[in-house]
Amino acid sequence: MKKFLTVCLAAGTLAASALGFSACGGGNTLVVYTEAGFAPFEYLSDGQIVGVDVDIMNQVGEKLGRDVVFENVNFDVIVDAVSEGRLTNVGAAGLSITEERREKVDFSIPYYTASLYVIYKTDGTMAPEIGESTAENGSVIYWDSLAGMSIGVQGGTTADLFLTDEIGEDWGALYGTNASKTPYTSLSVAVNDIGLNTNVVIIDELPAKTLVANNDGLSCLPLYYRGETAEEDEAAVDEYAIAVTPGQDELLAAINEVLRDLIDDVDEDGNNGIQRLVMQHLDLASGN
Ligand code: ARG
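Residues numbered from 1 in each chain as written. Predicted model: local features only at pLDDT ≥ 70, side-chain atom pairs only at ≥ 80, totals over all residues. Heavy atoms only, no water.

**Here's the deal with the site of the ligand**
For clarity, the threshold we go by: For each residue, the test is whether any non-hydrogen atom lies within 4 Å of the molecule or strand; if one does, the residue is near. Residues adjacent in sequence count toward polar contacts only when both atoms are side-chain atoms; beyond that, a polar contact is any pair of N or O atoms within 3.5 Å, and within protein one must be able to donate a hydrogen and the other to accept it. Only Asp, Glu, Lys and Arg are considered charged in this grouping, and only Ala, Val, Leu, Ile, Met, Phe, Trp, Tyr, Cys and Pro are considered nonpolar; every other residue, Gly among them, is considered polar.
Taken together, 14 residues lie near the ligand, and Gly94, Ser96, Arg101, Thr158 and Asp204 sit nearest. With respect to the ligand, the side chain of Asp204 contributes an N or O atom lying 2.7 Å from a nitrogen atom. The residue inventory of the shell around the ligand, partitioned by class, reads five nonpolar, five polar and four charged.

Below you can see the structure in the form of structure tokens.
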């Protein structure tokens with residue numbers, strides 16, 4: 001701690017140096033790690049990082065009287081950086097709660113429920129078979145339809161973790177099928193590879209739908225675990241929360257208050273504050 005303080009003071013005397021600004025910020029700036037290729041939660045607009053998570057964290061900054069600075073980093077470094085708490089104390093990145101991550105960081109209350117989607121070529125090039133599930137009341141792609149395929153994911157995401165199990169564990173739907181995983185740092189690069197080096201890309205629903213809306217020739221469908229019967233089919237679902245360095249209790253409480261207020265603020269159409277932010281950013285990110 002002493003060492004950290006010294007570094008901050010030194011940087012402070014270098015007046016507004018980039019280092020002081022991002023790592024220490026005079027002790028008052030809240031540095032938030034994110035990966036800005038995940039609309040509508042975080043994406044770039046005119047070179048600025050914007051999105052649902054940005055709006056949430058700006059409200060937290062207002063509540064605490066602190067400036068908020070967003071850093072666009074590779075997704076797979078966020079949890080460890082927040083856990084360490086040296087360069088950042090917050091990860092806001094459409095981050096799903098998992099037990100492994102919970103061992104490293106504190107999570108806010110959940111603010112959004114998401115499911116995984118599969119993006120494929122609409123014309124069928126290298127595409128998987130489409131299934132019908134009564135559980136979804138429509139078309140889905142089952143894990144086992146990805147047998148033998150080359151599957152793209154964003155490195156470190158839950159899609160990456162689940163896929164690793166389906167391929168590597170002997171109970172997995174893709175075990176022994178020659179299916180392979182390619183981790184990409186950027187989702188836009190991953191989807192450009194569909195139909196070329198990759199059959200499909202698996203990622204959360206809303207980023208998948210935004211990528212499909214912005215790229216001709218791509219479609220997406222929910223990813224499903226096959227049940228004993230069609231009614232027992234299950235989507236791959238998880239919940240988003242904001243990650244905070246353990247011990248940052250005041251910060252965590254402020255984040256929870258902001259989220260609670262947004263969740264409780266239900267309008268006459270039945271949408272809460274988070275859902276309104278999601279709709280607003282979906283329109284912007286899809287260029288409408
Ligand atoms: N919800 C998924 C996870 O937590 C994907 C999040 C990706 N976020 C991003 N900003 N790229 O693993």
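There's plenty left to go through after this.
**Brief notes about the nonpolar core**
One recurring pattern in soluble globular proteins is that nonpolar side chains are buried together. The condition that has to hold: Definition used in this section: a nonpolar core is a set of buried Ala, Val, Leu, Ile, Met, Phe, Trp, Tyr and Cys residues joined via side-chain atoms within 4.5 Å. The cut-offs for exposure are 20% and 50% of the maximum accessible area for each residue type, with area from a 1.4 Å probe on protein chains only; residues under the lower value are buried, those over the upper are exposed, and the others partly exposed. Runs of E in the DSSP output that reach at least two residues are strands. Runs of H or I that reach at least four are helices, and both are numbered from the N terminus. Between two residues, a contact is recorded if the distance between any of their heavy atoms is within 4.5 Å.
Ranked by size, the top nonpolar core spans 47 residues in total, and within it Ile56, Met57, Tyr111 and Ile119 carry the most contacts. By residue number, the principal contributor to this core is helix H9 (residues 249-264), which donates eight residues. In contact with Ile119, not counting residues within four places along its chain, are Val191, Ile194, Asn199, Val200, Val201, Ile203, Ala208, Leu211, Val212, Leu218, Ser219 and Cys220. Counting 18 residues, the second-largest nonpolar core is a separate cluster that includes Leu163, Leu174, Ile202 and Ala236.

**Thoughts on the pairing of strand E12 (residues 180-184)**
Rule in force here: Two strands qualify as a pair provided DSSP detects at least 2 bridges between them. By convention a crossover is right-handed if, when the strands point away from the viewer, the path from the first strand over the helix to the second runs clockwise.
With five bridges joining them, strand E11 (residues 150-154) and E12 adopt parallel strand pairing. Residue pairing in the sheet places Ser150 in a bridge with Ser180 of E12. Following the backbone out of E11, through helix H6 (residues 158-168) and into the adjacent parallel E12, one traces a crossover that is right-handed.

**Side note on the pattern of salt bridges**
For clarity, the cut-off: Salt bridges are counted wherever a side-chain nitrogen of Lys or Arg sits within 4 Å of a carboxyl oxygen of Asp or Glu.
Throughout the structure, instances matching the rule amount to ten salt bridges. A salt bridge links Glu257 to Lys63, with the shortest nitrogen-to-oxygen separation between them at 2.9 Å. One end of the pair, Glu257, is in helix H9; the other, Lys63, is in helix H3 (residues 52-64), and 194 residues separate them in sequence. Its relative accessible area of 42% is what places Glu257 among the partly exposed residues. Put simply, Asp265, Asp267 and Arg276 are held in one network by salt bridges that share partners.

**Thoughts on the sheet that holds strand E17 (residues 243-244)**
What counts, and what does not: Structural elements are reduced to axes, namely lines fitted to C-alpha atoms, with helices fitted over the stretch in contact, and the angle between N-to-C directions of any two is expressed from 0 to 180 degrees.
Strand order across the open sheet formed by five strands is E5-E1-E6-E17-E7, with mixed pairing between neighbours. Strand pairing shows two members of the sheet lacking a second neighbour, strand E5 (68-72) and strand E7 (106-107), which therefore form its edges. Judged from the two bridges that link them, strand E6 (residues 90-91) and E17 form a sheet pairing that is antiparallel. Counted as the bridge partner of Gly91 is Ala243 from E17. Along the sheet, H3 makes contact with strand E1 (30-34), E5 and E6, crossing E5 at roughly 150 degrees.

**Topic: the packing of aromatic side chains**
Note the following rule: Pairing of aromatic rings covers Phe, Tyr and Trp, the last counted by its six-membered ring, and requires centre-to-centre distances within 6.5 Å; plane angles under 30 degrees mean stacked, over 60 mean edge-to-face, and any other angle means tilted. The rule is short: NZ of Lys or CZ of Arg within 6 Å of the ring centre and within 35 degrees of the ring normal puts a charge over the ring.
In this structure the tally under the stated criterion is seven aromatic pairs. Residues Phe38 and Phe41 carry aromatic rings whose centres are separated by 6.1 Å and whose planes lie at 40 degrees to one another, so their mutual orientation is tilted. Accessibility assignment for this pair places Phe38 and Phe41 in one class, buried. Taken together, Phe38, Phe41, Tyr111, Tyr112 and Tyr240 form an aromatic cluster joined through their ring pairs. Taking NZ or CZ as reference, Arg226 lies 3.9 Å from the ring centre of Tyr142, over its face.

**Comments concerning a negative patch on the surface**
For clarity, the cut-off: Like charges are joined within 9 Å and nonpolar side chains (Val, Leu, Ile, Met, Phe, Trp, Tyr) within 5 Å, but only among residues with over 30% relative accessible area and no salt bridge; these make up the patches. Per-residue and other accessible areas were derived by the Shrake-Rupley procedure at a 1.4 Å probe size, with only the shown protein chains allowed to occlude residues. The charged-residue count follows a simple rule in which Lys and Arg add positive charge and Asp and Glu add negative charge, with His and chain termini not counted at all. All charge positions are set by atom: Lys at NZ, Arg at CZ, Asp at CG, Glu at CD.
Together, Glu100, Glu103, Asp165, Glu169 and Asp170 make up a region of like negative charge exposed at the surface. Its place among the elements puts Asp165 in helix H6. Of the residues examined, Asp165 reaches a relative accessible area of 31% and is grouped as partly exposed.

**Focus: the sheet that holds strand E2 (residues 37-38)**
Sheet strands line up and pair through hydrogen bonds in the backbone, either parallel or antiparallel. Read from one edge of the open sheet, three strands run E2-E3-E4, paired in antiparallel fashion. With partners counted over all chains shown, the strands left at the sheet margins are E2 and strand E4 (48-50), one partner each. Both E2 and strand E3 (residues 42-45) contribute to a ladder of two bridges, which runs antiparallel. Its bridge partner lying in E3, Gly37 is registered against Tyr43.

**Describing the environment of Asp144**
Position of Asp144 among the secondary structure elements: in the loop between strand E10 (138-142) and E11. Judged by relative accessible area, which is 31%, Asp144 ranks as partly exposed. Remark: the alpha-carbon pair of Asp144 and Ala173, spanning 29 residues in sequence, is separated by 5.2 Å. In contact with Asp144, not counting residues within four places along its chain, are Ala173, Leu174 and Arg226. Only 2.7 Å separates the side chain of Asp144 from the side chain of Arg226, close enough to count as a polar contact.

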